[in-house]
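The primary structure of each chain is shown beneath.
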Amino acid sequence: GGGLDAACTAGPCRHQAMDLVWTPSYNQGGLAARVCVQAETPQATGCEPPGQARYGEVCFSVRAHKCVYALAYEQHLQEVAAIYHTDWLNIYSMNPSVTAPDRLQYAQQLLNIGRMYNVVPGDTLSKISTRFGTSIEHLLLVNADIQPDTLFAGEQLCIIPDSCVAVLNAP
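Residues numbered from 1 in each chain as written. Predicted model: local features only at pLDDT ≥ 70, side-chain atom pairs only at ≥ 80, totals over all residues. Heavy atoms only, no water.

Let us now look at the overall build of the protein chain. Scanning the protein chain from N- to C-terminus turns up 6 helices and 6 strands. Counted from the first residue to the last, the protein chain has its helices and strands arranged as α-β-β-β-α-α-β-β-α-α-β-α. The buried share of the protein chain, reckoned over its 171 residues, is 30%. Within the protein chain, residue pairs in contact and separated by at least 24 positions form 63% of the contacts whose partners lie at least 6 positions apart. Of the roughly 11,000 Å² of accessible surface on the protein chain, 55% is carried by carbon and sulfur atoms. (Helix = DSSP H or I, 4+ residues; strand = E, 2+ residues; numbered from the N terminus. Buried < 20%, exposed > 50% of the residue type's maximum accessible area, 1.4 Å probe, protein only. Contact = heavy atoms within 4.5 Å. Areas by Shrake-Rupley, 256 points an atom, 1.4 Å probe, with all protein chains shown as cover.)

Written as structure tokens, this is what we have:
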């Protein structure tokens with residue numbers, strides 16, 4: 001009985017569709033979350049059962065890829081490099097599809113901003129940061145899903161190495 005389907009077949013009913021676009025922030029790589037969105041229609045659609053509000057809720061899961069950044073409109077490699085405390089040559093070298101680093105890229109173009117590293121037994125954030133010439137804070141910035149005290153063998157981390165410092169720290 002009743003419900004939305006019955007209300008929609010009983011008379012004129014206008015369905016409304018809305019697109020939801022979410023671009024993860026620069027520091028949300030690896031984030032996994034459940035998101036619920038409530039939307040209210042400004043006018044009745046004719047589909048609501050009597051006395052029911054004109055809003056609905058939809059819940060879904062989101063996961064942001066690690067080591068990937070979606071360019072904003074008219075954003076340059078130099079700007080992306082500054083966000084991640086690296087240089088544009090580092091970003092450029094990880095993105096062979098970028099043929100001209102001084103030209104505007106298109107909005108929402110995905111750029112690799114680092115390399116994935118598989119944690120091995122005995123690794124700590126301190127050891128990894130020293131090995132790759134970065135800091136623990138920077139590792140946490142680009143890996144939203146890791147806990148500072150707990151690393152597991154096989155876990156993947158996004159690393160944005162500083163090759164000059166990493167060479168100095170090499171064994």
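Formed by 14 residues in total, the largest nonpolar core has its most connected members in Val 80, Tyr 84, Ile 91, Leu 111 and Ile 113. Among the elements that make up this core, the one with the highest residue count is helix H2 (residues 77-83) (3 residues). In contact with Leu 111, not counting residues within four places along its chain, are Cys 67, Val 68, Tyr 69, Leu 71, Leu 77, Val 80, Ile 91, Asn 95 and Val 98. In this structure, Tyr 117, Leu 125, Leu 157 and Ile 159 belong to the second largest nonpolar core, which totals 9 residues. (Core = buried A, V, L, I, M, F, W, Y, C linked by side-chain atoms within 4.5 Å.)

With that settled, consider the pattern of salt bridges. Counted under the stated rule, the structure contains 3 salt bridges. Here Arg 63 and Asp 145 are joined by a salt bridge, their closest N and O atoms 4.0 Å apart. Separated by 82 residues along the polypeptide, Arg 63 in strand S2 (residues 55-63) and Asp 145 in the loop between helix H5 (136-141) and strand S6 (156-159) bring together distant segments of the chain. According to the relative accessible area criterion, Arg 63 is exposed, its value standing at 56%. Look at Asp 145 and you get partly exposed, because its relative accessible area is 30%. Look at the salt bridges and you will find they share partners, linking Arg 63, Lys 66 and Asp 145 into a network. (Salt bridge = Lys/Arg side-chain N within 4 Å of Asp/Glu carboxyl O.)

This part is about the state of the cysteines. On inspection of all chains with the given rule, the structure shows 2 disulfides. Between the sulfur atoms of Cys 36 and its disulfide mate Cys 59 the distance is 2.0 Å. Taking the torsion about the sulfur-sulfur bond, which here is approximately 110°, the covalent link between Cys 36 and Cys 59 counts as right-handed. On the criterion of sequence distance, the pair formed by Cys 36 in strand S1 (residues 32-40) and Cys 59 in strand S2 is long-range, its members being 23 residues apart. (Disulfide = S-S within 2.5 Å.)

In this structure, Glu 155 sits in the loop between H5 and S6. Aside from chain neighbours lying at most four places away, what touches Glu 155 is Tyr 117, Asn 118, Val 119, Ile 146 and Thr 150.

Before going further, it helps to spend a moment on the confidence of the model for the protein chain. Detailed reading of the predicted coordinates is not advisable wherever pLDDT is low. This prediction gives the protein chain a mean pLDDT of 80; 75% of its residues lie at or above 70. Element-level mean pLDDT values for the protein chain span from 48 in helix H1 (residues 3-10) up to 96 in S6. Considering only residues more than four positions removed or in separate chains, one finds that residues 1-8, a stretch of pLDDT under 50, has 10 contacts. (pLDDT = per-residue confidence, 0-100.)

On to the packing of aromatic side chains. Counted by the stated rule, this structure contains 4 aromatic pairs. Ring centres of Tyr 26 and Tyr 84 lie 6.2 Å apart, and the angle between their planes is 75°; on these two criteria the pair is classed as edge-to-face. Pair noted here: Tyr 26 is in the loop between H1 and S1 and Tyr 84 is in the loop between H2 and helix H3 (88-93), with a separation of 58 residues, a long-range link. Taking relative accessible area as the criterion, Tyr 84 reaches 1% and is therefore assigned buried. When the ring of Tyr 69 is compared with that of Tyr 84, the centres are 5.8 Å apart and the planes differ by 85°; the resulting orientation is edge-to-face. Placement of the pair is Tyr 69 in strand S3 (residues 68-70) and Tyr 84 in the loop between H2 and H3, with a sequence separation of 15 residues. (Phe/Tyr/Trp six-rings, centres within 6.5 Å; stacked < 30°, edge-to-face > 60°.)

A few words now on the environment of Ile 136. Turning to its location among the elements, Ile 136 is positioned in helix H5. What makes Ile 136 partly exposed here is its relative accessible area of 31%. It is 5.9 Å that separates the C-alpha atoms of Ile 136 and Leu 125, two residues lying 11 residues apart in sequence. Those residues in contact with Ile 136 that lie beyond four places of it in its chain are Leu 125, Ser 126 and Ser 129.

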